[in-house]
Amino acid sequence: MLPVLLAVLLTQAPTASPRQQGVPIGKGKTLPTVRLSAPTGGWTVDRMLLVEGTLSDTTIDPVVISINGDRYLMRTFSGRFRRKFPAASGKNVVTVMATNQAGTARAQATSYAQIPSVPLKTILTSDTEGVYTDLHIYEPTAESLSQAADGSGQVLDLKKMAHVYWANTESPSGGTFFLNEQGGDFDDPAYGPYLYVHRSPPKGLYLIATNYWPSGDKAHTVATLNVVLYEGTPQEVRRMVRIPLATPGSTRVLAWVNVLGDGKAELYVPSQDPAPKGPSWPRNLDEAVKALTSGGVDY
């Protein structure tokens, strides 16, 4: 496989597509053909959306998939790709992009899902093969937030949050954690995607983090997190977070989601936003992050 092309280098190439930055390209010199066999369009009542197809250039691995603008990377096997993804309520525009030395080819299909809206969805991918960028979700519990002894506000006890990840996929509150399945393998160090969906999230604070483990000669990667809140409703919020990862075993906090109820939620991205100061946020977020990233909280 060609070495991973870092985004900082690809920005100098005038033909690079923004969604292909950092992704290996195929060896073929003829523009590839992308054929989508699913979705086929029309209406569905399924909560999961099958994306399946073939490529004329079998050296392309992975393909880049966009579903309503959410970015996924998906492995290919002998020019074939197949995986199910959580569907959005209403319109699902699926675009598959495949790049080789001749350029980028696309195929697109639109499917309409008659399903309830998804209030909380997270998608985590990396731009390097052979690395683990494991997704870790911390859910609120009845004990995770309490009033400070001095009455100065709420404080968070991260150790009392429910920890959902690859080794503990059972969410106490009803969230769905999808293992990283690629070609039938559920433990393949690759691009992801790592997925978590909650169709009825209880009120409270959720933490989204990644734990990085490279393998072989892989030293670094770029992790991309897409967060979607109340998808398909007037309250919909979408954010993309891109963070470089280089230190083996390191944990990075990617985002906090504060579900307030009644179709409302607040999103805080530490790498992009000022620290929240409202009464609905605990006052010790920085201390909680330090405890997590320094190894103070067991995985």
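Structure's up top.
Nothing here was measured: the structure is a model prediction, and the numbers come from that model.

Asker: Hey, could you run me through the sheet that holds strand 10 (residues 131-139) in this one?
Answerer: As a general point, the strands of a sheet are linked pairwise by backbone hydrogen bonds and lie either parallel or antiparallel. Pairing in this open sheet of five strands is antiparallel, and the strands run 13-10-16-19-20 from one edge to the other. Since the sheet does not close on itself, it has two edges, and those belong to strand 13 (162-164) and strand 20 (264-268), each with one partner. The average undirected angle you get between the axes of adjacent strands in this sheet is 20°. As defined by bridge partners, strand 16 (residues 204-214) adjoins strand 19 (residues 251-261) across eight bridges and the pair is classed as antiparallel. Pairing of Ala 209 across the sheet is with Val 253, part of strand 19. Packed onto the sheet, helix 2 (residues 285-293) meets strand 10, strand 16, strand 19 and strand 20 and runs at close to 140° relative to strand 19.

Asker: Can you help me understand the sheet that holds strand 3 (residues 48-55) in this one?
Answerer: One open sheet accounts for three strands, arranged 1-3-6; its pairing is antiparallel. Looking at which strands have only one partner, the edges of the open sheet turn out to be strand 1 (34-38) and strand 6 (80-86). Taking each pair of neighbouring strands and ignoring which way they run, the sheet shows an average axis angle of 25°.

Asker: Would you mind showing me how to read the pairing of strand 5 (residues 70-74) here?
Answerer: In the case of a regular strand, side chains alternate between the two sheet surfaces. Of all five residues in strand 5, five are buried, a share of seventy percent or more. Judged by which residues are buried, strand 5 turns out to be covered on both faces: Asp 70, Tyr 72 and Met 74 on one side and Arg 71 and Leu 73 on the other are all buried. Relative to strand 5, strand 4 (residues 63-67) is paired through five bridges, and the arrangement is antiparallel. Across the sheet, the residue bridging to Val 64 is Leu 73, located in strand 5. The loop that links strand 4 with its antiparallel partner strand 5 comprises two residues; one of these, Asn 68, has a positive phi angle of about 55°.

Asker: Looking at this model, I keep getting lost on the pattern of salt bridges. Mind explaining?
Answerer: Two side chains bearing opposite charge may form a pair once their charged atoms approach each other closely. In the structure shown here, the tally under the stated rule is eleven salt bridges. For Asp 70, the salt bridge is made with Arg 238, and the minimal N-O distance between the two is 2.7 Å. Of this pair, Asp 70 sits in strand 5 while Arg 238 sits in strand 18 (residues 237-245), and the two are 168 residues apart along the sequence. Classification of Asp 70 as buried rests on a relative accessible area of 3%. Note that Arg 239 and Asp 273 form a salt bridge whose closest N and O atoms lie 3.1 Å from each other. Residue Arg 239 is located in strand 18, and its partner Asp 273 is located in the loop between strand 20 and helix 2; the two are separated by 34 residues in the primary sequence.

Asker: Whenever I open this one, the environment of Ala 265 confuses me. Can you help?
Answerer: Structurally, Ala 265 is set in strand 20. Discounting chain neighbours no more than four positions away, the residues touching Ala 265 are Leu 229, Tyr 230, Asn 258, Val 259 and Leu 260.

Asker: Please clarify how helix 2 should be interpreted in this entry.
Answerer: Three or four residues apart is the spacing at which side chains of an α-helix point the same way, because the helix has 3.6 residues per turn. The set of residues buried in helix 2 consists of Leu 285, Ala 288 and Leu 292. Along the axis of helix 2, the buried residues cluster in a sector spanning 65°; they form a single face. In this structure, the buried residues of helix 2 make contact with strand 10, strand 12 (154-156), strand 16, strand 19 and strand 20. At the C-terminal side of helix 2, Gly 295 shows a positive phi close to 90°.

Asker: Please clarify how the nonpolar core should be interpreted in this entry.
Answerer: In a soluble, globular protein the nonpolar side chains are often hidden away together inside. Counting residues in each nonpolar core, the largest one holds 26 residues, and the members touching the most others are Leu 135, Ile 208, Leu 225 and Val 257. Filtering out sequence-adjacent residues up to four positions away, Leu 135 remains in contact with Thr 122, Leu 124, Val 164, Tyr 165, Phe 177, Tyr 194, Leu 195, Tyr 196, Ile 208 and Ala 209. Listed in part, the 25 residues of the second largest apolar core include Ile 65, Ile 67, Met 74 and Val 94.

Asker: Whenever I open this one, the packing of aromatic side chains confuses me. Can you help?
Answerer: Each aromatic ring pair is characterised by the separation of its centres together with the angle its planes make. Counting across every chain of the model gives four aromatic pairs. Both rings, one in Tyr 165 and one in Trp 166, keep their centres 5.9 Å apart while their planes meet at 85°; by these two values the pair is edge-to-face. Relative to Trp 281, the ring of Tyr 268 lies with its centre 6.1 Å away and its plane at 85°, an arrangement referred to as edge-to-face. Separated by 13 residues along the polypeptide, Tyr 268 in strand 20 and Trp 281 in the loop between strand 20 and helix 2 bring together distant segments of the chain. Each member of the pair, Tyr 268 as well as Trp 281, carries the same accessibility label: buried.

Asker: Teacher, can you tell me more about the environment of Ala 162 here?
Answerer: Within the secondary structure, Ala 162 is located in strand 13. Residue Ala 162 is classed as buried on the basis of its relative accessible area of 11%. Spatially, the C-alpha atoms of Ala 162 and Ser 144 are 8.7 Å apart, while their sequence positions differ by 18 residues. With residues near it in sequence (within four places) discarded, Ala 162 still touches Ile 137, Tyr 138, Glu 139, Thr 141 and Pro 172.

Rules of the game
Residues numbered from 1 in each chain as written. Predicted model: local features only at pLDDT ≥ 70, side-chain atom pairs only at ≥ 80, totals over all residues. Heavy atoms only, no water. Pairing = 2+ DSSP bridges. Helix = DSSP H or I, 4+ residues; strand = E, 2+ residues; numbered from the N terminus. Axes fitted to C-alpha atoms, helices over the stretch in contact; angles between N-to-C directions. Contact = heavy atoms within 4.5 Å. Buried < 20%, exposed > 50% of the residue type's maximum accessible area, 1.4 Å probe, protein only. Salt bridge = Lys/Arg side-chain N within 4 Å of Asp/Glu carboxyl O. Arc of directions from axis to C-beta. Core = buried A, V, L, I, M, F, W, Y, C linked by side-chain atoms within 4.5 Å. Phe/Tyr/Trp six-rings, centres within 6.5 Å; stacked < 30°, edge-to-face > 60°.

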